[in-house]
Structures are given as C-alpha cells and as structure tokens.
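Structural description and commentary
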Amino acid sequence: MKRDAPPPAEAPARAAQTAGLDAATVLRRHGCRATKPRVAVMQAILDAEHPVGAAELAERAARQLAGIHEATVYRTIATLSELGIVTHVHAGHGPSLVKLAGDASVLAVCRRCGRIERVPQELVDELVGHLAEQRGFALEPGHFALEGICADCA
Ligand SMILES: [Zn+2]
Ligand SMILES: [Zn+2]
C-alpha cells in the first residue's frame, strides 16, 4: 500500500444490501410491512449522512410524515432493531445513535462540540488486519465511537 497516497474522502459507508434502495423496499426485503410511520423513520435513517440519535430521527421523520408521534418513532426504531435492519453506536455520553445494521464504519466524536466524523475505512481495515495477524484478535469495531478533539475545537 502506498504510504503517501492522499487520505480518501469521507465516504458514506452504506450497508451494501440497502445501497440505493428506498425505505419501503428495505422494509419489505426484511419482511416488514411498510406502514407510513415505518417508511418515514426508515427514510430518515437512510437519508442521514451519519448515525443520529432517536430524538433527531423523530424530527427528521416528522418532515416526512407530519404529526408522527415521538413514541411511534422510538417504537419503530425498536422494531427495526429487532428485525436486524438497524443497530446502534455509542458516541460520547449521550443516548446511542441509530445506524444501518450493515454499516461497519467507525465514528470519531469530538468531546467538546459533539461533531461526528467517520474514520476512513482503510484505516479501520488496517487496524483490524494487524490485530488479526499479529495478535489473533478479531476486532469488531463500530459499536463504540472513538473520542477526541476535532479540528475546529483544537
Ligand atoms: Zn469539536
Ligand atoms: Zn450498545
């Protein structure tokens, strides 16, 4: 691997099986009835450029479906999670964030401003590869975010 290659642009790591699909299709593929609230929540998750908390998802879902109750959004997230469509990531001390189940990307969260960035996948792959080869450790990144100070806050 070339060491002097420029860092890759921050690529949204979409779950392969949901890439380019609309919310209703994703739901049906998982055997989930595509009700209006589910479609609104699912679309909000697909549209988010990085994992977001349930409260923000409720706001985003309300833009798709006016009048959707926050409790409905939370219940829908739980349903999507049970069906294996979404999972969560812990970023900082707040509530966990919702992300697509196949999204294996690692987040870096700023502990001052809370800004979230994706760690370039090739760096993550390199770390996973090294630990596997040298320590026999099967690292499963993605459930917790890394923490630090972003460029703006440094
Ligand atoms: Zn910051
Ligand atoms: Zn967890």
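If you're wondering where the values come from, they're calculated on a predicted model, not measured in any experiment. (Residues numbered from 1 in each chain as written. Chains lettered and ligands numbered in written order. Predicted model: local features only at pLDDT ≥ 70, side-chain atom pairs only at ≥ 80, totals over all residues.)

1. Comments concerning the nonpolar core
It is characteristic of soluble globular proteins that their nonpolar side chains tend to be buried jointly. Val 41, Met 42, Ile 45, Leu 57, Ala 61, Ile 77 and Val 86 are the most contacted members of the largest nonpolar core, which has 26 residues in total. No other element matches the 6 residues that helix α2 (residues 36-47) contributes to this core. Residue-level mapping places this core at the junction of two domains, with at least three residues from each of domain 1 (16-100) and domain 2 (106-148). Dropping the residues within four chain positions of it, Leu 57 is found in contact with Val 41, Ala 44, Ile 45, Val 52, Val 73, Ile 77 and Val 98. (Core = buried A, V, L, I, M, F, W, Y, C linked by C-beta atoms within 7 Å. Buried ≥ 20, exposed ≤ 12 C-beta atoms within 10 Å, placed from the backbone. Helix = DSSP H or I, 4+ residues; strand = E, 2+ residues; numbered from the N terminus. Domains from an automatic or database assignment. Contact = placed C-beta atoms within 7 Å.)

2. Structural notes on the sheet that holds strand β2 (residues 86-89)
What holds strands together in a sheet is hydrogen bonding between their backbones, with the strands either parallel or antiparallel. Within the open sheet, the 3 strands sit side by side as β1-β3-β2. Their pairing is antiparallel. The sheet is open, and its two edges are formed by β1 (52-53) and β2, each paired on a single side. Here 2 bridges tie β1 to strand β3 (residues 97-100), and the two strands are oriented antiparallel to one another. From the neighbouring strand, Gly 53 faces β3, where its bridge partner is Leu 97. (Pairing = 2+ DSSP bridges.)

3. Section: the sheet that holds strand β5 (residues 116-119)
Taken in spatial order, the 3 strands of this open sheet run β5-β4-β6, and their pairing is mixed. Each end of this open sheet is capped by a strand with a single partner; those strands are β5 and β6 (146-148). For this sheet, the mean inter-axis angle between neighbouring strands, taken without regard to orientation, is 30°. Pairing of strand β4 (residues 106-110) with β6, which is carried by 3 bridges, proceeds in the parallel orientation. If you follow Cys 110 over to β6, its bridge partner there is Gly 148. (Axes fitted to C-alpha atoms, helices over the stretch in contact; angles between N-to-C directions.)

4. Re the confidence of the model for the protein chain
Confidence in the prediction of the protein chain, expressed as mean pLDDT, is 88, and 88% of residues score 70 or more. The low-confidence segment residues 5-16 (pLDDT under 50) makes 20 contacts with residues lying over four places distant or belonging to another chain. (pLDDT = per-residue confidence, 0-100.)

5. A look at the pairing of β3
Consecutive residues of a regular strand have side chains that alternate between opposite faces of the sheet. Where β2 and β3 come together, 4 bridges link them in antiparallel fashion. Following the sheet pairing, Thr 87 is matched in β3 by Lys 99.

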